[in-house]
Amino acid sequence: MSQADILAPHFTDAEKAREFLEAQRWPDGPVCPHCGLIGEAYKLTPKATSKKGTHVRRGLWKCAGCRKEFTVTVGTIFEDSHIPLHKWLFAYHLLCASKKGMSAHQLHRMLGITYRSAWFMAHRIRYTMSQEPLSSKLTGVIKMDETYIGGKRKFGPQSIKPGERQKDRPHPFAGKETVVSVLQRGGRVQSHHLRGRVTSENLR
Ligand SMILES: [Zn+2]
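Described in the following lines is the structure provided in the data block. On a predicted model such as this, the values are computed, not experimentally measured, just so you know.

Definitions and limits used
- Counting starts from 1 at the beginning of each chain's written sequence and moves along it residue by residue.
- Reporting in this predicted model follows two pLDDT cut-offs: at least 70 for local features of residues, and 80 or more for side-chain atom pairs to be given and counted; totals over whole chains, interfaces and linings ignore these cut-offs and use all residues.
- Each side-chain value is worked out from all heavy atoms of the structure, with water and hydrogens disregarded.
- The numbering of helices and of strands both runs from the N terminus, where a helix is a DSSP run of H or I of at least 4 residues and a strand a run of E of at least 2.
- Partly exposed residues are those whose accessible area sits between 20% and 50% of the maximum for their type, while under 20% is buried and over 50% is exposed, using a 1.4 Å probe and protein chains only.
- Note that accessible areas follow from Shrake-Rupley with a 1.4 Å probe, and for residues the cover is restricted to the protein chains shown.
- Every axis in this analysis is a line fitted to C-alpha atoms, fitted for helices over the stretch in contact. Angles between the N-to-C directions lie between 0 and 180 degrees.
- Throughout, the term roughly parallel applies to angles under 35 degrees, roughly antiparallel to angles over 145, roughly perpendicular to angles from 65 to 115, and oblique to all others.
- Helix crossings fall into two classes, left-handed where the near helix is turned counterclockwise from the far one by less than a right angle and right-handed where it is turned clockwise.
- Working rule for contacts: check all heavy atoms of both residues, and any pair within 4.5 Å makes them a contact.
- Three categories are distinguished: nonpolar for Ala, Val, Leu, Ile, Met, Phe, Trp, Tyr, Cys and Pro, charged for Asp, Glu, Lys and Arg, and polar for the others, with Gly belonging to the last.
- One less than the number of residues in a helix, times 1.5 Å, gives the span that helix is expected to have.
- Residues grouped as a nonpolar core are buried Ala, Val, Leu, Ile, Met, Phe, Trp, Tyr and Cys residues, joined through side-chain atoms within 4.5 Å.
- Only nitrogen, oxygen and sulfur atoms count as donors, using a 2.8 Å cut-off from the metal that widens to 3.2 Å for Na, K and Ca. Water is left out, so coordination shells may look unfilled.
- Geometry is assigned from the angles between donors: four donors with all angles from 85 to 135 degrees make a tetrahedral site, four or six donors whose opposite pairs exceed 155 degrees while the rest stay between 65 and 115 make square planar or octahedral sites respectively, and everything else is labelled irregular.

Let's talk about the overall build of the protein
Of the regular secondary structure elements, the protein holds five helices and six strands. Along the protein, helices and strands appear, N-terminal first, in the series α-β-β-β-α-α-α-β-β-β-α. Per-residue burial for the protein yields a buried fraction of 27% across its 204 residues. Split by element, the accessible area of the protein, about 14,400 Å² in all, is 53% carbon and sulfur.

What follows is the structure, given as structure tokens:
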């Protein structure tokens, strides 16, 4: 698993993965899945061994409203999974970042988990991507291109008159509006009017 060495900590460490997921899922503070109260839960301190022999799980929160306990994975596909959270996040990353998708066999090798686990994860992850709100985002193979809409000028760039300098001529795209289209393989297109120049920053 040498590739994991250069990755973000939440792909290699279960605790970091939990913190990452908490920040992503709860930007306004922990949300109680039982009563819906936002930002009113407090963290329970994990103890390796307590006197009574009870064990407080890591990442456990207690709602100050309904007094019930929960973790960030309640209601997610990670809930009750024996696969460590950072491997789930890494699998998501691999499935989203690879241009041609990734087979369960590749996941199995890259994550150091059984093929059966990898197959299960890939199916669950693809399922979540087919659900809202992810499904309305453009996914899969995406092509992007820009075009310029506006009147055609009468003289092409090649018809430079003798003595005329290139910099005195209007820019080929002067007076035109830019439209950027993002095309997803399979047919969906989103087009946007782009203000300003076509730079990678503006396109993003
Ligand atoms: Zn609650």
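A closer look at unusual backbone geometry
For Arg67, which is not glycine, the phi torsion reads 65° and is therefore positive. For Arg67, the position within the fold is in the loop between strand 2 (61-63) and strand 3 (69-70).

Quick word on the packing of helix 2 (residues 85-97) against helix 3 (residues 104-111)
Packed helices, taken two at a time, are described by the angle their axes make and the gap between the axes. At their nearest, the axes of helix 2 and helix 3 sit 11 Å apart, and the two run at 135° to each other. Between helix 2 and helix 3, the angle is such that the two are oblique. The interaxial crossing formed by helix 2 with helix 3 has right-handed handedness. Mapping the contact onto sequence places Lys87, Phe90, Ala91, Leu94 and Leu95 in helix 2 and Leu107, Met110 and Leu111 in helix 3. Residue composition of the contact of helix 2 with helix 3, grouped by class: seven nonpolar, no polar and one charged.

Brief notes about helix 2
A rise of 1.5 Å per residue sets the reference length of helix 2, with its 13 residues, at 18 Å; its end C-alpha atoms lie 18 Å apart and thus fit the reference within 8%. Most of helix 2 sits out of view: 10 of its 13 residues are buried. Turning to helix 2, its buried residues number three or more, namely Leu85, His86, Lys87, Trp88, Leu89, Phe90, Ala91, Tyr92, Leu94 and Leu95. Buried residues in helix 2 make contact with helix 1 (14-25), helix 3 and helix 4 (115-129).

Thoughts on the nonpolar core
In this structure, Phe70, Phe78, Trp88, Leu107, Leu111, Met121 and Ile125 are the most contacted members of the largest nonpolar core, which totals 31 residues. Contributions of two or more residues to this core are made by helix 1, strand 2, helix 2, helix 3 and helix 4. Looking at which element gives the most residues to this core, the answer is helix 2, with eight residues.

A few points about the coordination of the zinc ion
Protein ligation of the zinc ion involves Cys32 (SG), Cys35 (SG), Cys63 (SG) and Cys66 (SG), the donor distances falling in the range 2.3 to 2.4 Å. Coordination at the zinc ion is tetrahedral, judged from the four donor atoms that bind it and the angles of 106 to 116° they form at the metal. Donor residues for the zinc ion, ordered by position in the chain, follow C-x2-C-x27-C-x2-C. One end of the pair, Cys35, is in the loop between helix 1 and strand 1 (41-43); the other, Cys63, is in strand 2, and 28 residues separate them in sequence. For Cys35, a relative accessible area of 43% puts it in the partly exposed group.

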